[in-house]
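Chain by chain, the residues:
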Amino acid sequence: KDGMIPSAPGYNGILSQISAFRSGLTSVAAYGHIPVPLVYTQVVTLAVYIYFTVALIGEQWIIRRSPEDELDMYYPIFMTVKFLFYFGWLRVAETLYNPFGEDDDDFELNELVNRHFQVAMSIVT
């Protein structure tokens, strides 16, 4: 039996690694079959938009105690930073909704999983 694995522990180790690889492929393939409910993304998007609408009004300093007080008009720098972070995270979450994408230059997940499955099966047989 030249060219074969000489010991049983080595053979067992290789089979366990192949099994772990196959279970990883199965979990990746399962992501394509279990979609995130659309209502979750819509609720998060609506909550972020409502939060910033309310925050835009709530973070203004327009209360004047007497007519002599001047209005404190300033540009809300920290509100802008929060806006950029929250909307950036919202865009990332929308991308994570379908990480493999549907564009022409995105990964073809089914072809990738099928190829890895065929390679794994050719190693086993």
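Given the structure is predicted, the values throughout are model-derived calculations rather than measurements. (Residues numbered from 1 in each chain as written. Predicted model: local features only at pLDDT ≥ 70, side-chain atom pairs only at ≥ 80, totals over all residues. Heavy atoms only, no water.)

**Things to note about the overall build of the protein chain**
Definition in use: What counts as a helix is a DSSP run of H or I of at least four residues, what counts as a strand is a run of E of at least two, and both are numbered from the N terminus. Three labels apply to residues, based on accessible area from a 1.4 Å probe with only protein chains included: buried if under 20% of the type maximum, exposed if over 50%, partly exposed otherwise in between. Contacts are assigned to residue pairs with any non-hydrogen atoms lying within 4.5 Å of each other. Here the open area of atoms and residues is found with the Shrake-Rupley method and a 1.4 Å probe, where only the protein chains shown may cover a residue.
Of regular secondary structure, the protein chain possesses 4 helices and 0 strands. Across the 125 residues of the protein chain, 9% fall into the buried class. Put simply, of all contacts in the protein chain between residues at least 6 apart along the chain, 70% involve residues at least 24 apart. For the protein chain, the exposed area adds up to about 11000 Å²; of that, 65% sits on carbon and sulfur atoms.

**Some thoughts on the environment of histidine 116**
Take histidine 116: it is sitting in helix α4 (residues 109-124). For histidine 116, a relative accessible area of 25% corresponds to the partly exposed category. Along the sequence, histidine 116 and arginine 22 sit 94 residues apart, while their C-alpha atoms lie 8.5 Å from each other. With near-sequence residues (within four places) excluded, histidine 116 lies in contact with Phe21 and Leu25.

**Here's the deal with the packing of aromatic side chains**
A ring pair, where both rings are aromatic, is described by two values, the distance of the centres and the angle of the planes. Heads up, the rule is: Only centres within 6.5 Å qualify two rings of Phe, Tyr or Trp (six-membered ring in Trp) as a pair; their planes then separate them into stacked at under 30 degrees, edge-to-face at over 60, and tilted for everything else.
Counted under the stated rule, the structure contains 9 aromatic pairs. With 4.4 Å between their ring centres and 45° between their planes, phenylalanine 83 and phenylalanine 87 make a pair best called tilted. Taken together, the residues phenylalanine 83 and phenylalanine 87, both in helix α3 (residues 77-97) and 4 residues apart, mark about one turn of the helix. The rings of Tyr49, Tyr51, Phe52, Phe83, Phe85, Tyr86, Phe87 and Trp89 are connected pair by pair, giving a single aromatic cluster.

**Regarding the nonpolar core**
The condition is simple: We define the nonpolar core as a collection of buried residues of types Ala, Val, Leu, Ile, Met, Phe, Trp, Tyr and Cys that are connected through side-chain atoms lying within 4.5 Å of one another.
Counting 6 residues, the largest nonpolar core consists of Val48, Phe52, Ala55, Met79, Phe87 and Leu90. Where this core is concerned, the elements lending two or more residues are α2 (38-58) and α3.

**So, the packing of α2 against α3**
What counts here: Interaxial angles span 0 to 180 degrees and are taken between N-to-C directions of axes, which are lines fitted to C-alpha atoms, for helices over the stretch in contact. An angle counts as roughly parallel when it lies under 35 degrees, as roughly antiparallel when it exceeds 145, as roughly perpendicular when it falls between 65 and 115, and as oblique in every other case. Charged residues are taken to be Asp, Glu, Lys and Arg, nonpolar residues to be Ala, Val, Leu, Ile, Met, Phe, Trp, Tyr, Cys and Pro, and polar residues to be all remaining types, Gly included.
At their nearest, the axes of α2 and α3 sit 11 Å apart, and the two run at 170° to each other. Overall, the two elements α2 and α3 adopt an arrangement that is roughly antiparallel. Touching Thr41, Val44, Thr45, Val48, Tyr49, Tyr51, Phe52, Ala55 and Leu56 of α2 are Met79, Lys82, Phe83, Tyr86, Phe87, Leu90, Arg91, Glu94 and Tyr97, all from α3. Taken together, the residues of the contact of α2 with α3 sort by class into 13 nonpolar, 2 polar and 3 charged.

**Thoughts on α3**
Here is the rule: One fewer than the residue count of a helix, multiplied by 1.5 Å, yields its expected span. Note: the arc covers the axis-to-C-beta directions of the helix.
Over its 21 residues, α3 runs 30 Å from end to end, which matches the ideal 30 Å to within 8%, given 1.5 Å per residue. Burial in α3 covers these residues: Met79, Phe87 and Leu90. On an axial view of α3, the arc spanned by its buried residues comes to 55°, and they lie on one face. More than 90 degrees from the buried face of α3, the exposed residues found are Ile77, Phe78, Leu84, Trp89, Thr95 and Leu96. Contacts from the buried residues of α3 go to α2.

**With respect to a nonpolar patch on the surface**
Defined as follows: Here a patch means residues that are over 30% exposed by relative accessible area and free of salt bridges, tied together within 9 Å if like-charged and within 5 Å if nonpolar (Val, Leu, Ile, Met, Phe, Trp, Tyr). Throughout this description, the term salt bridge denotes a Lys or Arg side-chain nitrogen within 4 Å of a carboxyl oxygen of Asp or Glu.
A surface patch of nonpolar side chains, about 780 Å² in accessible area, is lined by Tyr51, Tyr75, Ile77, Val81, Phe85, Tyr86 and Trp89. With 5 residues, α3 is the largest single contributor of residues to the nonpolar patch. Note on tyrosine 51: relative accessible area 35%, which makes it partly exposed.

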